[in-house]
Amino acid sequence: MSETRRISDQVIADYQGKAADYFAKFENTTTVYFNFFIDRIAPPPASVLDIGSGSGKDAAVFAQRGYDVVAIEPAESLRFLAQKKHLYPNITWLDDRLPYLENIKTQDILFDHIHINSVLFHLPLSETRRVLETCYGLLKDKGTLFITLRLGPPDPARPMFPVDKAHVTTMSSELFILINAEHIADDLRPNIVWDHLLLQKLDLTS
Ligand SMILES: C[S@@+](CC[C@H](N)C(=O)[O-])C[C@H]1O[C@@H](n2cnc3c(N)ncnc32)[C@H](O)[C@@H]1O
């Protein structure tokens, strides 16, 4: 088993084992960051891939706005709770995981927008390029990618890595261009700040 797979199993087991607690926590978290990107991405009924969708709260916001959503969540019990709560016909729920997303890749779908909220820090920094290549391959031309990065002390409950804006920008070379960024404080925890990044797929043929 690869080191990434071992770490990922550990991360997902934590979300799986405490699914009800995490579900309640995520459902009570603000989605104010939609204001940062929503006017810069393709309008509904464009397609969105929400990776690491947790309680499904972001998938639900996209669905309410008329987007066609695929929500990927590898922790089965969290995915079941999300599916039960957010009964939108325009959300498809799927088991898959970064960095490869092997299940969704077999479906030959390309998306207008990919959403990775509060997930990337669960992967070793050595996987960032692979994650970005996976997203590149799943996006339509000029598709957009929203990534949030948690900066601050790691939570001892599950593995976390110090991925930051400079690292993502460097790893995006020749795949994405950074079109907007913001750096904001966590609304509840004084020791945590967030980078919000909006990237756009580069057209390598031009
Ligand atoms: C902090 S939660 C964020 C949930 C949701 N995106 C949100 O912002 O409310 C991280 C989520 O990523 C999922 N996750 C962890 N490792 C993953 C991986 N390798 N690929 C996809 N999702 C992963 C977890 O199961 C969990 O639901």
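As a reminder, the structure under discussion sits directly above these lines.
Now for a description of the structure that goes with this document. Note that this is a predicted model, so its numbers are computed, not measured.

Around the ligand sit 17 residues, and of these G52, K57, E73, L98 and N117 come closest. Within the side chain of E73, an N or O atom sits 2.6 Å from an oxygen atom of the ligand. In the environment of the ligand, a nitrogen atom lies 2.8 Å from a nitrogen or oxygen atom belonging to the backbone of N117. Burial of the ligand by the protein chains amounts to 96% of its free accessible area of 600 Å². Among the elements that make up the shell around the ligand, the one with the highest residue count is helix 1 (residues 3-17) (3 residues). Per-class residue counts for the shell around the ligand are 8 nonpolar, 6 polar and 3 charged.

To continue, consider the pairing of strand 1 (residues 47-51). Counting buried residues in strand 1 gives 5 out of 5 residues, a clear majority hidden from the surface. Both faces of strand 1 are covered, namely the face carrying S47, L49 and I51 and the face carrying V48 and D50. Relative to strand 2 (residues 68-72), strand 1 runs parallel, the two sharing 5 bridges. Looking at the pairing, D50 lines up with A71 of strand 2. In this region the chain leaves strand 1, passes through helix 4 (residues 57-64) and returns to the parallel neighbour strand 2; the handedness of that crossover is right-handed. Judged from the 3 bridges that link them, strand 1 and strand 4 (residues 111-116) form a sheet pairing that is parallel. Bridge pairing in strand 4 places L49 opposite I114.

As enumerated under the stated definition, the model contains 13 salt bridges in all. One salt bridge in this structure joins D14 and K18, with 2.6 Å as the shortest N-O distance. A relative accessible area of 9% means that D14 is categorised as buried. K18 gets classed as partly exposed once you look at its relative accessible area, which sits at 35%. Several salt bridges converge on common partners, so that one network encompasses D14, K18, D155 and R158.

What follows concerns helix 2 (residues 19-27). Listing the buried residues of helix 2 in full gives A19, Y22, F23, F26 and E27. For helix 2, the angular spread of buried residues about the axis comes to 125°, placing them on one side. Facing away from the buried side of helix 2 by more than 90 degrees, the exposed set consists of A20 and D21. Check the buried side of helix 2 and you find it contacts helix 1, helix 4 and helix 5 (76-85).

So, about the side chain of H113. Mapped onto the elements, H113 comes out in strand 4. With near-sequence residues (within four places) excluded, H113 lies in contact with F37, I41, S47, V48, L49, F62, L139, T144, L145, F146 and L198.

Core analysis: the biggest nonpolar cluster contains 33 residues, and L49 and L145 have the highest contact counts within it. Broken down by element, this core gets its largest block of residues, 5 residues, from helix 7 (residues 128-138). Dropping the residues within four chain positions of it, L145 is found in contact with H113, I114, I116, L132, C135, L139, F176, L197, L198 and L199. Grouped together as the second largest cluster of nonpolar side chains are 20 residues, F36, I38, I41 and A59 included.

The next thing to look at is helix 5. Those residues of helix 5 that sit buried are L78, R79 and A82. Buried residues of helix 5, seen end-on, are gathered within an arc of 100° and therefore sit on one face of the element. The inward-facing, buried residues of helix 5 contact helix 1, helix 2 and strand 3 (91-94).

On to unusual backbone geometry. Generally, phi is negative for residues other than glycine and the peptide bonds are trans, each holding for most cases. Cis geometry marks the peptide bond from P44 to P45; its omega dihedral reads 10°. Relative to the assigned elements, P45 resides in the loop between helix 3 (34-37) and strand 1. P99 follows L98 through a cis peptide bond whose omega is 15°. Tracing the chain through its elements places P99 in the loop between strand 3 and helix 6 (102-105).

Rules used in this analysis
- Residues numbered from 1 in each chain as written.
- Predicted model: local features only at pLDDT ≥ 70, side-chain atom pairs only at ≥ 80, totals over all residues.
- Heavy atoms only, no water.
- Near = heavy atom within 4 Å.
- Polar contact = N/O pair within 3.5 Å; in protein donor to acceptor, adjacent residues only side chain to side chain.
- Areas by Shrake-Rupley, 256 points an atom, 1.4 Å probe, with all protein chains shown as cover.
- Helix = DSSP H or I, 4+ residues; strand = E, 2+ residues; numbered from the N terminus.
- Nonpolar A, V, L, I, M, F, W, Y, C, P; charged D, E, K, R; others polar.
- Buried < 20%, exposed > 50% of the residue type's maximum accessible area, 1.4 Å probe, protein only.
- Pairing = 2+ DSSP bridges.
- Right-handed = clockwise from strand over helix to strand, strands pointing away.
- Salt bridge = Lys/Arg side-chain N within 4 Å of Asp/Glu carboxyl O.
- Arc of directions from axis to C-beta.
- Contact = heavy atoms within 4.5 Å.
- Core = buried A, V, L, I, M, F, W, Y, C linked by side-chain atoms within 4.5 Å.

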